[in-house]
Number of protein chains: 4
Amino acid sequence: MLFDLFRSFGINLDLALEAREIVRGETGQEIPGVQVDRERFEHGEVTIVHIVEKAAETIMGKPVGTYITIEAPALRENHPAAHHEVSQILARQLERFVAHIPEYGNILLVGLGNWRATPDALGPKVIEMSLVTRHLYNYAPQELKGGMRSVSALAPGVLGLTGIETAEIIKGVVEKIRPELIIAIDSLAARSVTRICTTIQIADTGISPGSGIGNRRAGINRESMGVPVIAIGVPTVVHAAVISQDTINAYLEQLQNTPVNAGFNPALARRAIEQVLEPFGGNLTVTPKEIDALIATTAKVIAGGISLALHPGLTEDDYSYYLH
Amino acid sequence: MLFDLFRSFGINLDLALEAREIVRGETGQEIPGVQVDRERFEHGEVTIVHIVEKAAETIMGKPVGTYITIEAPALRENHPAAHHEVSQILARQLERFVAHIPEYGNILLVGLGNWRATPDALGPKVIEMSLVTRHLYNYAPQELKGGMRSVSALAPGVLGLTGIETAEIIKGVVEKIRPELIIAIDSLAARSVTRICTTIQIADTGISPGSGIGNRRAGINRESMGVPVIAIGVPTVVHAAVISQDTINAYLEQLQNTPVNAGFNPALARRAIEQVLEPFGGNLTVTPKEIDALIATTAKVIAGGISLALHPGLTEDDYSYYLH
Amino acid sequence: MLFDLFRSFGINLDLALEAREIVRGETGQEIPGVQVDRERFEHGEVTIVHIVEKAAETIMGKPVGTYITIEAPALRENHPAAHHEVSQILARQLERFVAHIPEYGNILLVGLGNWRATPDALGPKVIEMSLVTRHLYNYAPQELKGGMRSVSALAPGVLGLTGIETAEIIKGVVEKIRPELIIAIDSLAARSVTRICTTIQIADTGISPGSGIGNRRAGINRESMGVPVIAIGVPTVVHAAVISQDTINAYLEQLQNTPVNAGFNPALARRAIEQVLEPFGGNLTVTPKEIDALIATTAKVIAGGISLALHPGLTEDDYSYYLH
Amino acid sequence: MLFDLFRSFGINLDLALEAREIVRGETGQEIPGVQVDRERFEHGEVTIVHIVEKAAETIMGKPVGTYITIEAPALRENHPAAHHEVSQILARQLERFVAHIPEYGNILLVGLGNWRATPDALGPKVIEMSLVTRHLYNYAPQELKGGMRSVSALAPGVLGLTGIETAEIIKGVVEKIRPELIIAIDSLAARSVTRICTTIQIADTGISPGSGIGNRRAGINRESMGVPVIAIGVPTVVHAAVISQDTINAYLEQLQNTPVNAGFNPALARRAIEQVLEPFGGNLTVTPKEIDALIATTAKVIAGGISLALHPGLTEDDYSYYLH
């Protein structure tokens, strides 16, 4: 039902964890065809949602696959040790997807999003902070030390800047350099502002069409690219329509303590929300003012985690000084 | 009443036009001590709100002074001719404040805001596109043609980047270079998303403390700076709390067509909104996804209007090729 | 002979005009297989060098093709009218290569070079200032007015940032979107500092391997891309080894007015230059300090000229307000 | 004599170490009024030139004061451990100037130079990477841990961008915030390309008028600012006129092995160099193509060193995660 309201505004639920919560919230029980694992670490929690059956795919609105979610509220605080730990947790979770790839087997990092719009700039920022080594394998092997993989990196921009579908640019490059694996980094939309820059999702299903805050039109996944795609996504916004809808609900809840008895009416809600968000509709997003600082921190944590996973031979000290 | 709700989230009404609408909406009549002029142009409308009496100052929450608002919905469209006209309207409105300043009398442009956060970057972007000439007067007068004024420009950054109050930086520079006039450009928050990048406010009262989307802490005005300050502001966001509150109202209006009878209850609304916006409170803003493109267009229109007003000897062709 | 000295430092002559001057300087007569046309305009001169025979190709070190050079010293001055004229001359010269392409036939702009290194950033800067329309043809045709072509644009970065050969990225994208024509914009190295940001070369031979100041490794031309490639290049640097060699020559010329008689000795010159440029060798470039301002102006002139040529339906006023 | 040639092109020697070498080279003996200390570390060398007497000031062209030079060729290599060591050496050398400043006593970092021109962007880049804390002392003391000083930071831009002398902006801010110490970071010009991004100079004399690659017009030192100024400078260019002159000398040296006997003639050299560098004269600089990467590394080393010196309570791990 909520799904329908969101979809009427062109809004996707990017986090599998949230999709599961909503579905379970409606049905009150575990979703058939879904398995969940949990793991605590000092400054947060890892939840792994396995969508194992086709049936669950339809209910959840997410393809069959593994969705690892790292939740760490301390990411939003000035807490170096916690950030550090999250980088390491991310690295450890990524390792399962890269362990089988030999040093010379290339991995392509793709930073999705629009570098000119702060909340959508996470992907390009991670690319800027990533250690690129593929050319060294070809032209300057003496610059490499042991335990480094061949990594290339691309921030393909967005349709409005290039006139080209992002997926077309990536696919074109993939057909030339034939990587073993793509790791795509993207900004997501969450259902709750508490998730902004505190939650990281790693999905082995890649990017679905219409997801991400820029609503990438075409999917970037194994089917479209011909190689496995790991998507790393972080919510940086909540759609304004979601906030609006939640506020109506919250107000109605407050009303329950009064004599008024008004249930949530999706049709009325839709009309009310449309009126307030006119003329932008589902195209409005909510972000904290300090989003630039939050994105900078998150990009550093993610770029660091990726480099630790891909280049096991590097010490962290190496890493921080290796970067250009 | 609404004012109170907003203030409880630390939200100011930056546009005098909106403050007047709300006050009048509550009282149903013209505000004593306020005078309003109107003027149509092809692609929009100019409204001039004169707050002439101290009493009105308190009611409106805005200091005595002149607030010129240019409303031009076509600013958000791909409509070069309309943008062009708005630049000229802006120039004409600015001229009244600069006409008395001689060529050698310096004017300081100040671009307020955080260049790393797209919706707050309007001020710094205008500075980038502005024609700076003060140094030519001293070092290369042969580069000047007739009808150009001495202009200097500064984007002082924000407290989080410099550790210094913006007003302190400006005041320090003002005491050194002693301009005749400051023109400060800032991103504002509006009450309605329709105003985002379609409304321009020119105020001869400068910047009040706490206004602007970055909530500049200290005022930048004649009192603090010792010279007149003209503020040019454009809404680039709406506070999420405003959207939330409007949605509740809109939903309640929809309910009026049903048997349920629920009036707006500010205390409940406040609790509902707080709950949804937790943990950011009044610190969340709503922006359209294409804000980067909207800001780029608006910055061009404003920088162009300022240059036309300050450098009457320049043709528009000169202007576009003069810029670095 | 000079060619040899430069080549020993890995230096190419990017301008056909200069290659011709040097060859003619050595032989004293017109080069067989080369034809030259000239045309004056108010603020400069157009020279068209046609290399028509294979034999000339070897002598000139440039492939058979047409090389149009616009020389306009006023590009380096604060002279809006002259810049304007150069944009129009560039547009007129480009038209011969695009006239046959229908509106729906896509043209791909490629901005070569490193956006982090000012003198190599011309290509990416032109892309930023270019009017991209291909997506509008597909998704928003109402935004188009008559007389606009389908244009896409890409700044592929450099090997050190992506780990991928620039030509691989472009070729990958070309195979996906199949443009009718590529226009590649690049920073060049000249033989004389007077040419820096005052000379524009348009070549229908594309980019040769090893040319441009970043020494793009692979060619970007009809052979490698499968579609015609027009290269627009502007010198932004002179190699330090060229300056060094020219200084030796200039000093030896001065000596001719003294009793000392010392001819130019290439072997000694090479050793002297190597010693001074150690440890960078041919990898050092000479640029004026104000290169950022020069590049900004040149990028505007080129982006403007390209848009006038590709979108004949746009007025210049449209153009300047159309840009994001 | 060389000094005169350079000065005729408006060129200063920014490094005291080089000035001393040239003076000693001419006189063959130690300079009266100058004392020199040396210290080796694993990846480089520290040389401290004390200019103690006024007489030496005139000969050296540098004010009385202490000039600490860190020479570390490994800065130009991919050598994390060496970069790390240089950061620590820099921190240790800086400590002597900051040890007496209490936590609450503010230190102002100033990043001189033009962020749009890569070789002149070192100062602004260091500011971007610096830990700013002054506002936390006032508004969010809970964000501070022990052992952190109050630091503010400013990149004032250059005359061509602001129309205001850099020194005026800094002086204006200094009079407002009254720091105990200014640390100014600047790009310098060296006499030899081997020094580019391998040499760091720390001078307690601040910035002299006319030094730095942008030739800051006014001095930024204790006299002009009223507080002590420590200048940290790194050569990022060599003036083209210096390269030219060195090449003539190197060629003449090569000629000594031939029967030709031609001594260096400054008047002829000047004419030859002028001819080659026309129309830019002393305004041309020589830089390696990879200057963007070299500047990025150097900025990181310097920002790191400064933070270690100013915030003794931070671990390096803290530092790298503290940064926005």
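Refer to the structure presented above.
As the structure is a computational prediction, the values presented were derived from the model and not from experiment. (Residues numbered from 1 in each chain as written. Chains lettered and ligands numbered in written order. Predicted model: local features only at pLDDT ≥ 70, side-chain atom pairs only at ≥ 80, totals over all residues. Heavy atoms only, no water.)

### Focus on the overall build of chain A
Here's step 1: Looking only at helices and strands, chain A features 13 helices and nine strands.
Here's step 2: A principal-axis box enclosing the C-alpha atoms of chain A has dimensions of 75 × 45 × 40 Å.
Here's step 3: Per-residue burial for chain A yields a buried fraction of 65% across its 324 residues.
Here's step 4: Across chain A, contacts joining residues at least 24 apart in sequence account for 73% of those joining residues at least 6 apart.
Here's step 5: Just so you have it, chain A exposes about 11,200 Å², and 49% of that area is on carbon and sulfur atoms.
Here's step 6: Averaging the coordinates of the 27 positive side-chain charges in chain A and doing the same for the 36 negative ones gives two points 3 Å apart. (Helix = DSSP H or I, 4+ residues; strand = E, 2+ residues; numbered from the N terminus. Buried < 20%, exposed > 50% of the residue type's maximum accessible area, 1.4 Å probe, protein only. Contact = heavy atoms within 4.5 Å. Areas by Shrake-Rupley, 256 points an atom, 1.4 Å probe, with all protein chains shown as cover. Lys, Arg positive; Asp, Glu negative; His and termini not counted. Charge placed at Lys NZ, Arg CZ, Asp CG, Glu CD.)

### Looking at the packing of helix α11 (residues 266-277) of chain A against helix α10 (residues 240-255) of chain B
Here's step 1: Packing of α11(A) against α10(B) leaves a shortest axis separation of 8 Å and a crossing angle of 135°. Relative to α10(B), α11(A) is oriented oblique. In this structure, α11(A) crosses over α10(B), and the sense of that crossing is right-handed. Within the contact between the two elements, α11(A) uses A:Leu268, A:Ala269, A:Arg271, A:Ala272, A:Ile273, A:Gln275, A:Val276 and A:Leu277 and α10(B) uses B:Ile243, B:Asp246, B:Thr247, B:Ala250, B:Tyr251, B:Glu253, B:Gln254 and B:Leu255.
Here's step 2: Each residue belonging to the contact of α11(A) with α10(B) can be placed in one class, and the counts come to ten nonpolar, three polar and three charged. (Axes fitted to C-alpha atoms, helices over the stretch in contact; angles between N-to-C directions. Parallel < 35°, antiparallel > 145°, perpendicular 65-115°, else oblique. Left-handed = near helix turned anticlockwise from the far one by under 90°. Nonpolar A, V, L, I, M, F, W, Y, C, P; charged D, E, K, R; others polar.)

### So, the packing of aromatic side chains
Here's step 1: The final tally for this structure, using the stated rule, is four aromatic pairs over all chains.
Here's step 2: Ring centres of C:Tyr251 and D:Phe264 lie 6.4 Å apart, and the angle between their planes is 10°; on these two criteria the pair is classed as stacked. Within this pair, whereas C:Tyr251 is found in helix α10 (residues 240-255), its partner D:Phe264 is found in the loop between α10 (240-255) and α11 (266-277), the two belonging to separate chains.
Here's step 3: Residue class for C:Tyr251 comes out buried when judged on its relative accessible area of 2%. (Phe/Tyr/Trp six-rings, centres within 6.5 Å; stacked < 30°, edge-to-face > 60°.)

### Some thoughts on the environment of D:Gly111
Residues and elements named next belong to chain D.
Here's step 1: Along the chain, Gly-111 turns up in strand β4 (residues 107-111).
Here's step 2: The spacing of Gly-111 and Leu-154 is 43 residues in sequence and 6.2 Å in space, taken between C-alpha atoms.
Here's step 3: Leave out the neighbours within four places in its chain, and Gly-111 touches Gly-123, Pro-124, Ile-127, Leu-154, Ala-155, Pro-156 and Ile-185.

### Some details on the relation of the copies chain B and chain A
Here's step 1: With an RMSD of 0.1 Å, the operation that places chain B on chain A is a rotation of 180° combined with a shift of 0.0 Å along the axis. The two molecules are tied by a two-fold rotation axis, judged by turn and shift. Taking C-alpha positions as the reference, the residue of chain B nearest the rotation axis is B:Val286, at 2.2 Å.
Here's step 2: A shared binding surface is used by both copies, with 100% of the interface residues of chain B retained as interface residues in chain A. (Least-squares fit on C-alpha atoms with pLDDT ≥ 70 in both.)

### Things to note about the interface of chain B and chain A
Here's step 1: Contacts between chain B and chain A engage 50 residues on the former and 50 residues on the latter.
Here's step 2: Note on chain B versus chain A: buried area summed over both sides is about 4,200 Å², and carbon and sulfur give 63% of it.
Here's step 3: The tally of links between chain B and chain A comes to zero salt bridges.
Here's step 4: If you look at where chain B meets chain A, you find 19 residue pairs in polar contact (both at pLDDT 80 or more).
Here's step 5: Among the elements of the structure, α10, α11 (266-277) and β9 (284-288) of chain B are those that each provide at least two residues to the side of chain B that touches chain A.
Here's step 6: Ranked by residue count, the leading element in the side of chain B that touches chain A is α10(B), at twelve residues.
Here's step 7: Residues belonging to the side of chain B that touches chain A are distributed by class as follows: 24 nonpolar, 17 polar and nine charged. (Buried area = accessible area lost by both parts, 1.4 Å probe. Salt bridge = Lys/Arg side-chain N within 4 Å of Asp/Glu carboxyl O. Polar contact = N/O pair within 3.5 Å; in protein donor to acceptor, adjacent residues only side chain to side chain.)

### As for the pairing of strand β8 (residues 229-239) of chain D
Across a regular strand the side chains alternate sides, sitting on one face of the sheet and then on the other.
All names here are of chain D.
Here's step 1: The buried count for β8 comes to eleven of eleven residues, which makes it a mostly enclosed element.
Here's step 2: Where strand β6 (residues 181-190) and β8 come together, nine bridges link them in parallel fashion. Of the residues in β8, the one forming a bridge with Ala-184 is Ala-231.
Here's step 3: In terms of strand pairing, strand β7 (residues 199-203) meets β8 through three bridges, oriented antiparallel. By the bridge assignment, Ile-202 is partnered in β8 with Ile-232.
Here's step 4: For β8 and strand β9 (residues 284-288), the ladder comprises two bridges, and the chain directions are antiparallel. Opposite His-239, over in β9, you have Thr-285 as the bridge partner. (Pairing = 2+ DSSP bridges.)

### Re unusual backbone geometry
Residues and elements named next belong to chain A.
Here's step 1: Residue Pro-279 follows Glu-278 across a cis peptide bond; omega there is 0°.
Here's step 2: Of note, Pro-279 is situated in the loop between α11 and β9 (284-288).
Here's step 3: At Cys-197, a residue that is not glycine, the phi angle is positive and equals roughly 60°.
Here's step 4: Take Cys-197: its relative accessible area is 1%, and that puts it in the buried class.

### Concerning the environment of A:His239
Here's step 1: Along the chain, the position of A:His239 falls in strand β8 (residues 229-239).
Here's step 2: On the basis of relative accessibility, which here comes to 3%, the residue A:His239 falls in the buried class.
Here's step 3: For the pair A:His239 and A:Ala303, spaced 64 residues apart in the sequence, the C-alpha separation amounts to 26 Å.
Here's step 4: The residues contacting A:His239, other than those within four sequence positions of it, are A:Ile11, A:Ala189, A:Ala190, A:Gly282, A:Leu284, A:Thr285, A:Val286 and B:Lys289.

### Focus on the nonpolar core
Here's step 1: If you look at the biggest cluster of nonpolar residues, it comprises 160 residues, and the most contacted ones within it are C:Ile183, C:Ile306, D:Ile183 and D:Ile306.
Here's step 2: If you look at the next biggest cluster of nonpolar residues, it comprises 148 residues, including A:Ile70, A:Val98, A:Ile200 and B:Ile101. (Core = buried A, V, L, I, M, F, W, Y, C linked by side-chain atoms within 4.5 Å.)

### Things to note about the pattern of salt bridges
Residue and element names in this part refer to chain B.
Here's step 1: Scanning the entire structure with this criterion turns up 52 salt bridges over all chains.
Here's step 2: Between Arg-38 and Glu-45 there is a salt bridge, and its shortest N-O distance comes to 3.3 Å.
Here's step 3: Judged by relative accessible area, which is 21%, Glu-45 ranks as partly exposed.
Here's step 4: Notably, a salt bridge pairs Glu-57 with Lys-54, separated by 3.2 Å at the nearest N-O pair. Of the two residues, Glu-57 and Lys-54 both sit in helix α3 (residues 54-60), three residues apart, roughly one turn of that helix.

### Overview of the pairing of β9(B)
Here's step 1: Taken across its five residues, β9(B) has five buried, putting it largely inside the fold.
Here's step 2: Here β9(B) shows no split at all, with B:Leu284, B:Val286 and B:Pro288 on one side and B:Thr285 and B:Thr287 on the other all buried.
Here's step 3: Summarising the sheet, β9(A) and β9(B) pair through five bridges and their orientation is antiparallel. Looking at the pairing, A:Leu284 lines up with B:Pro288 of β9(B).

### Structural notes on the side chain of A:Glu85
Residue and element names in this part refer to chain A.
Here's step 1: As for its placement among the helices and strands, Glu-85 is situated in helix α4 (residues 80-98).
Here's step 2: The charged side chain of Glu-85 is buried without a salt bridge, its nearest counter-charge being Arg-92 at 6.6 Å.
Here's step 3: Side-chain polar atoms of Glu-85 contact the side chain of His-43, separated by 2.7 Å.
Here's step 4: Other than its neighbours up to four places away in sequence, Glu-85 contacts Phe-41, Glu-42 and His-43.

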